[in-house]
Amino acid sequence: MSVQNKFSNFPLCKKLSESAKENVCLGSNQSSLIAVVDDNLLIWSQEDCCFYAQHLQQHDSVVQTLSLTRPPLWSVQSISVNKQGTGVLLVGRRGVGVVDLPQRWGKHYTFDGGRENITCRTEYIAERFLVCHLRIAVVAAQWHPGSANGNHVVLLASDHYLRVYSLRSRDVPEQALAISVPRPDSVFSRHSSSSSSSTDATTAKFGSSVLGEEAVDFAIGAPVVTAGVQKKQDVGEVENSADAAGLFWPVFVLYANGDVYHTYLTLQHRCVPHVPHPAAQVCTTRTSPCSTGVYHTYLTLQHRIRSRTVLGPLVLLPPREDNYALEWCSVCCVGEGGVGSILVLATTGGRLFHCVVMPPSVTENSTSDEPGEDELKLTRSLSRLSVAAPLVSLYVYECVDLQLSLCPDQANSPWPFMLATHHSFTNRYLVLHSAGVHTVTVSLVDKLRNFTSTSNSAADGLNEDSECSVEHLVCTQALPSAAVVPVMGATVWCGGSVSSLVRSVGACELLVLLSSGTLLAVRMPSLLPRLPSPLAASDSSTKTVASPCEDMETIVHRLLQRNVSQPLLAGSSSLPPDPVEALDLTNRTLSTLRSQYFAPQLAAANLITHRVRVLQGQQRTLDVHIKELQQQQQQLMHNIASLQKQLQLAKEKQESIFQRLDQIYEASVRRLPGLSSGERWLQKELQSVQDQVPQLRDDLQHLHTKLQWHDTIAQMKSSNTSQDFDDVKLSQNQLHSLKETISLESDKIAKLVSRFKNMKKNLEV
């Protein structure tokens, strides 16, 4: 973990420090008033009721003030930005608001091109409902992760309803799910007469909070697709979209007494998988709950609000004697979501429970034997106390006790907690409280992902140690006498150009906002998996026998792995620290740094130095071997050159030998008494030519005679006078036939001449 002080002179921090109030009163819930939108830092100011924004990579950029058209009249506890970066959700106990962020453009991609004062449109969710029902408060609110345009908000109220609102219709929920049901035989839900007023029913609804039956937080996991979901029929409207069919978002609602309720949310108007409850009825009253205890939807809005069954409370396994009797405050979901995901439950005392969402076992539904029938009856009787029989259970495989403060007396003091996740990491979450910030890396998430992506034969990896890794990043309660500087929020900033590969090695930063206006930047630890058996710092000087299959990186990681982390200390500057306490804190800090940081790093450096020396010796040996190989290569090249010359000489000698062999063969063939096949063929050709010679002579004599006759006719024609020539007149037919005869005779003469020439050549040969 490395600390960077580059935000010490940040203009936005200076502006917040001037207007901030130290030693603010701690509320019942942890605040989160900081967010990052495209490298733009966004901080909510409680004093000015506006946002302050500044570009993180440009320290000299202007501090932008984002004023609201309708500032909230209540205190804002947390802010969150949707995944599109177009809106900010303001969450408080008395309301939920949505701020429309201006567009980002310009050189540094700032809000509205870097204009200093910007007015943003502000609208509120369920404003009329919350104003008319003063007893109902907002427990938590989040953006719906399944909204394509980022315009759906999920709101959990103290009336035990989980509602989904759209920004297009902010006063009317699109969905309403009843979470908790008062017990029919409880004193808080009994009525004196059948004609009890709605006020008494409402009092019965809120009376359960006395015993801890009050919702404190909810979490939305990653979407899951199940075969059972696709087989259910649509409710309200028929959805024909094949792309989004069967896509559901699991929701876990945590109550202060430890009850966890489970349901699914979807924006496709499809019915989620549930177990039919016999008491599920629609009441005709507008504001009061049904007599059976199941909260109803509003009758006038029945065509828009779809009520679904909520499962719970879920069973926590393995069972304990105290039944996990703690005060619970926050919940989050990490991993792939759905069955097999990791659900994190936090208590106010700093204890975290990592639970695996388990599917129902087959043996639980067996009713063939008599004990199974008794169990079924017991389940039916217990189902009257909850909304529906749970289909899934939570297996608590790990419990983590956080050190909230460095003060021994206040280490286990109750603090308001907030669990936060970030989209850049699926196996990590942040723990925010007034005394500091922790980050927890759950290694079981990666093992479950590998297990689900491979065959069942690879289940041996789940039997290994899956202990999580906890890092204490920031501590604001280091001295008992010092005033607490509450943490007002924290967010992860990875930068716009940081890839997912770079994020895994610790390139992201954690930005922590304190109530004094100070902004701390802490480098996030790397996402390396935690090894099962790390080396202790005291044994770092001893020799370690590593497995031959382990590489150097694994061995170094094992040495650098630590069990205790040293956080960044931040305190109040109003009172000077006690010298004795400061000395004790310094000694403990130095001891932690020596044992958990310096000693492992020294051991790793010694190991790396030893490894470098070994590699250098191997390199020298390889250099000598390379020189020998180079000499052998040169010798081989010399031999190759000599062999090429010898090959060329051998080819020349071979050609001369071939020529001599041809001459000898020809001479031997001539001396043979008989004729060869070629000579016999030539003899036959000459004999055939000799047989044709008399006929050719007669033809040649005929041609000579005919030529002489033509010459005589020509001379006679030339000697006659022109008059005599005029007396000879031929018709056109005679001239045509004469021309044809002459042409034919000319062709024959040409053929005979060419044939005669060929025969003459053959006779000469």
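What to know about empty space enclosed by the protein
According to the stated counting rule, one finds three cavities of 30 Å³ or more in the structure shown. Together, L696, D699, L700, L703, L752, R755, F756 and M759 line the largest cavity. When residues of the lining of the largest cavity are traced back to their parent elements, those giving at least two are helix 10 (677-719) and helix 12 (732-764). Across the lining of the largest cavity, the residue classes tally to six nonpolar, no polar and two charged.

A closer look at unusual backbone geometry
With omega at -5°, the peptide bond leading from L317 into P318 counts as cis. Among the secondary structure elements, P318 is positioned in the loop between strand 20 (315-317) and strand 21 (328-334). In the Ramachandran plot, D39 falls in the positive-phi region, its phi being about 65° despite a non-glycine side chain. As for its placement among the helices and strands, D39 is situated in the loop between strand 2 (34-37) and strand 3 (40-45). Positive phi outside glycine occurs at D112, with the angle close to 55°. Among the structural elements, D112 can be located in the loop between strand 10 (110-111) and strand 11 (117-120). What makes D112 partly exposed here is its relative accessible area of 22%.

A look at the pairing of strand 29 (residues 487-493)
With seven of its seven residues buried, strand 29 lies for the most part within the structure. Of the strand pairs in this sheet, strand 29 and strand 30 (residues 509-514) are connected by six bridges, and their pairing is antiparallel. The residue bridging V492 from the neighbouring strand is L510, located in strand 30.

Observations concerning the pattern of salt bridges
Counting across every chain of the model gives 10 salt bridges. In this structure, R170 engages E123 in a salt bridge whose closest nitrogen and oxygen atoms are separated by 3.6 Å. One end of the pair, R170, is in the loop between strand 15 (161-166) and strand 16 (175-178); the other, E123, is in strand 12 (residues 122-125), with 47 residues separating them in the sequence. On the basis of relative accessibility, which here comes to 25%, the residue R170 falls in the partly exposed class. Linking E745 and K706 is a salt bridge whose minimum nitrogen-to-oxygen distance equals 2.5 Å. Residue E745 is located in helix 12, and its partner K706 is located in helix 10; the two are separated by 39 residues in the primary sequence. Each of R70, R121, E123, E127 and R170 takes part in a single network of salt bridges with overlapping partners.

Regarding the state of the cysteines
Overall, the coordinates contain one disulfide when judged by the stated rule. Here C494 engages in a disulfide with C508; their sulfurs sit 2.2 Å apart. Residues C494 and C508 are joined through a disulfide that is right-handed, its torsion about the S-S bond being 105°. You can see C494 sitting in the loop between strand 29 and helix 7 (500-503) and its partner C508 sitting in the loop between helix 7 and strand 30, a full 14 residues away along the chain.

A closer look at the confidence of the model for the chain
In this model, the chain carries a mean pLDDT of 75, and residues with pLDDT of at least 70 account for 71%. Low pLDDT (under 50) marks residues 378-388, which in the prediction has 22 contacts with non-local residues, meaning those over four places away or in another chain. Contacts of residues 498-503 to residues separated by more than four positions or lying in other chains number eight contacts, the stretch itself having pLDDT below 50.

With respect to the sheet that holds strand 7 (residues 87-92)
The pairing of strands in a sheet happens through backbone hydrogen bonds and is either parallel or antiparallel. Read from one edge of the open sheet, four strands run 6-7-8-12, paired in antiparallel fashion. At either end of the open sheet lies a strand with only one pairing partner, and these are strand 6 (76-81) and strand 12. The mean angle between the axes of side-by-side strands here comes to 25°, regardless of whether they run parallel or antiparallel. In this structure, strand 7 lies alongside strand 8 (residues 95-100), joined through six bridges in antiparallel fashion. Each bridged residue has a counterpart across the sheet, and for V88 the counterpart in strand 8 is V99.

Re the nonpolar core
Grouped together as the largest cluster of nonpolar side chains are 38 residues, with contacts concentrated most on L41, L42, F51, L90 and L511. In contact with L42, other than residues within four places in its own chain, are L33, I34, A35, V37, F51, Y52, A53, L66, I79, V88, L101 and F111. Core analysis: the second largest hydrophobic core is formed by 23 residues, C329, V356, F417 and L444 among them.

What about the packing of helix 8 (residues 552-560) against helix 9 (residues 579-670)?
The description of two helices packed together rests on the angle between their axes and the distance between the axes. Taken N-terminus to C-terminus, the directions of helix 8 and helix 9 make an angle of 155°; their axes are 8 Å apart at the nearest point. Comparing their axes, helix 9 and helix 8 come out roughly antiparallel. The handedness of the crossing between helix 8 and helix 9 comes out as right-handed. Contacts from M552, I555, V556, L559 and L560 of helix 8 reach helix 9 at P600, Q601, A603, A604, L607, I608 and R611. Here the residues of the contact of helix 8 with helix 9 are counted per class, giving 10 nonpolar, one polar and one charged.

Conventions we followed
- Here the residue numbering is sequential within each chain, running from 1 through the sequence in written order.
- Only residues with pLDDT of 70 or above have their local features reported here, since the model is predicted, and side-chain atom pairs are shown and tallied only from 80 upward, although totals for entire chains, interfaces and linings are computed over all residues.
- Heavy atoms throughout the structure, all of them, feed into the side-chain values; hydrogens and water do not.
- A pocket, in this scheme, is an open set of points on a 1 Å grid over the protein atoms alone with protein on both sides within 12 Å along at least 5 of 7 lines, while a cavity is a set where a 1.4 Å probe fits but cannot get out; residues line either one if an atom lies within 4 Å of a point.
- Grid points are joined across faces, edges and corners, and a volume is the space filled by probe spheres set on the points.
- By the criteria applied, helices consist of DSSP H or I runs no shorter than four residues and strands consist of E runs no shorter than two, each listed in order from the N terminus.
- Ten residues, namely Ala, Val, Leu, Ile, Met, Phe, Trp, Tyr, Cys and Pro, are considered nonpolar, four, namely Asp, Glu, Lys and Arg, are considered charged, and the remaining ones, Gly among them, are considered polar.
- To sort residues, take the accessible area from a 1.4 Å probe on protein chains only and compare it with the maximum for the residue type: under 20% means buried, over 50% means exposed, and anything in between is partly exposed.
- A strand pair is defined by DSSP finding two or more bridges across the two strands.
- Counted as salt bridges are all cases of a side-chain nitrogen of Lys or Arg within 4 Å of a carboxyl oxygen of Asp or Glu.
- Disulfide: a pair of cysteine sulfur atoms within 2.5 Å of each other.
- Confidence of the prediction at every residue is given by pLDDT, a number between 0 and 100.
- Whether two residues touch is decided by their heavy atoms; if any such pair falls within 4.5 Å, the residues are in contact.
- For helices, the fitted line uses only the C-alpha atoms of the stretch in contact; every axis is such a line through C-alpha atoms, and the angle between N-to-C directions lies from 0 to 180 degrees.
- Definition used in this section: a nonpolar core is a set of buried Ala, Val, Leu, Ile, Met, Phe, Trp, Tyr and Cys residues joined via side-chain atoms within 4.5 Å.
- Throughout, the term roughly parallel applies to angles under 35 degrees, roughly antiparallel to angles over 145, roughly perpendicular to angles from 65 to 115, and oblique to all others.
- By convention the crossing between two helices is left-handed if the near helix lies anticlockwise of the far one by an angle smaller than a right angle, and right-handed if it lies clockwise.

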